[in-house]
Amino acid sequence: MSLDNHLTTQELRALDAAHHIHPFSDTAEMRAKGARVITRADGVWLQDSEGNRILDGMAGLWCVNIGYGRRELADVAYRQMQQLPFYNTFFMTTHPPAVELSAKLAEIAPGDKNRVFFASGGSDANDTNIRLVRHYWAALGKPDKSVIISRKNGYHGSSVGSASLGGMAPMHAQGGLPIPDITHIDQPHWWAEGGDLSPEEFGLARARQLEEAIDRIGEHRVAAFIAEPVQGAGGVIIPPETYWPEISRICREREILLIADEVITGFGRTGRWFGSETYDIDPDIMTIAKGMSSGYQPIGGSILRESVAQVIEEGGEFNHGYTYSSHPVAAAVALENIRILQEEKIVEQVAEDTAPYLAAKWHMLADHPMVGQARICGMMGALELTPDVAARAPFANTGTVGLMTRERCFANGLVMRHVGDKMIISPPLTISHTEIDRLVELAWQSLDEGM
Ligand code: PLP
């Protein structure tokens, strides 16, 4: 049993090394050191098998928005498992958690995003989106409109379809990706790629690559553009202010659908319910997951604009669905999570208090000699580590300094992730001022130790 574990840390590590293949982990490094064993968590604090308390600056994987240890979610899962642990919504059936969650999502999603197709997470939701947008254009008599444009260094998941949408070069290097009819434009990462342009000029230039791509491929061939409002796994790339208005103009004027991947930015992360609201984007489809259930259950989905859903429905049966689409336990837990976010006014609290406090503290880290830029949007932030702040120069051996900094953070009791030589955070939205102070203190100390 995994709850009151009778195995020692060493035994757990040995069994783990023998039998468990980890996602995105360096096997040689893990074999040498042994995996860290996390056994429990409460609020923003993790506890490992050796009794250490660690401040989780990543909310798990950008998902535990309401923090760990919320008893209400466990109670709802227990009750739902007793009443109806599983049933599907295929073949003209439904169940109350699926109905209520769809209606709740339609209520909180901006504008006319009224219809939901459920998945088990973000990757399969984005796979759904690939099929949805192609089915949409086929239903309108334009089956040639099948190309999806996305961005280099964007992250949309790990399944074959979603990793193809993503623009992560190391992922494309394995397994024959990307699939056909997906093309990538550059990311709006001003600090690293802006050169002599101002952020505003650079934002416009990068957005206009979308129009150039549409012209090159032919509007009659392009189905959709997909992007994260703020690129998360790519390193918290916050777009210049000019970027999204220009992307929105292009999507409006050209005949293509806009998909906002809100898997990280949804459910309060940027200080509004959705990143699309923060950036005044009006997408046709939004991908959701993670914060929808605060990670307490695996669930994701696509929220569609009413008019897009109608075309899909008129196009006949959509031959698509996952066994765990609208899983009743996951849906009940997501509903309870959203109830807590609403009743405790957690998103409002982020906007009015927590995010401004975190921003003020986070920006202080820009004074550290290793930090070239400290940027933050709501409750997601990044530090650009550099050997030469003025030149915005990269380190010779990309990623090594970031990796060492991550390790020092962990040894000091802080989970902060590295993406190359960027250090990133995305703590639970419920983090207190004192805990933010501690996070920033530990980050500074860990940077100092690397000097
Ligand atoms: N989209 C974005 C923006 C993500 O950040 C992620 C995961 O980090 C995904 C999709 C994939 O979601 P999942 O890991 O739940 O499949």
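Residues numbered from 1 in each chain as written. Predicted model: local features only at pLDDT ≥ 70, side-chain atom pairs only at ≥ 80, totals over all residues.

- Looking up the chain in an unreviewed UniProt entry gives the name Putrescine aminotransferase, with the organism given as Rubricella aquisinus.
- The record in UniProt for the chain states the following under Cofactor (unreviewed entry): "pyridoxal 5'-phosphate". (UniProt positions renumbered as here; feature names shortened; annotations may be inferred.)

## Brief notes about the packing of helix 6 (residues 122-139) against helix 13 (residues 306-314)
Here's step 1: Helix 13 packs onto helix 6 with a crossing angle of 70° between their chain directions and a minimal axis gap of 9 Å. What the angle tells us is that helix 6 and helix 13 run roughly perpendicular. The hand of the helix 6/helix 13 crossing is left-handed. Across from Leu132, His135, Tyr136 and Ala139 in helix 6, the residues of helix 13 making contact are Val308, Val311, Ile312 and Glu314.
Here's step 2: Tallied by class, residues from the contact of helix 6 with helix 13 come to 6 nonpolar, 1 polar and 1 charged. (Axes fitted to C-alpha atoms, helices over the stretch in contact; angles between N-to-C directions. Helix = DSSP H or I, 4+ residues; strand = E, 2+ residues; numbered from the N terminus. Parallel < 35°, antiparallel > 145°, perpendicular 65-115°, else oblique. Left-handed = near helix turned anticlockwise from the far one by under 90°. Contact = placed C-beta atoms within 7 Å. Nonpolar A, V, L, I, M, F, W, Y, C, P; charged D, E, K, R; others polar.)

## Concerning the pairing of strand 4 (residues 113-119)
Here's step 1: Of all 7 residues making up strand 4, 6 are buried, and the element is well covered by its neighbours.
Here's step 2: Here 6 bridges tie strand 4 to strand 10 (residues 300-305), and the two strands are oriented antiparallel to one another. Residue pairing for strand 10: Ala119 is matched across the bridge by Gly300. (Buried ≥ 20, exposed ≤ 12 C-beta atoms within 10 Å, placed from the backbone. Pairing = 2+ DSSP bridges.)

## A closer look at the domain arrangement of the chain
Here's step 1: Along its sequence, the chain is carved into domain 1 (36-66 + 345-448) and domain 2 (73-343).
Here's step 2: A C-alpha centroid distance of 26 Å is found between domain 1 and domain 2.
Here's step 3: Contributions of two or more residues to the side of domain 1 that touches domain 2 are made by helix 3 (59-62), helix 15 (346-364), strand 11 (371-377), strand 12 (380-385) and strand 15 (422-425).
Here's step 4: Looking at the side of domain 1 that touches domain 2 element by element, the count peaks at 5 residues for helix 15.
Here's step 5: The residue inventory of the side of domain 1 that touches domain 2, partitioned by class, reads 16 nonpolar, 8 polar and 4 charged. (Domains from an automatic or database assignment.)

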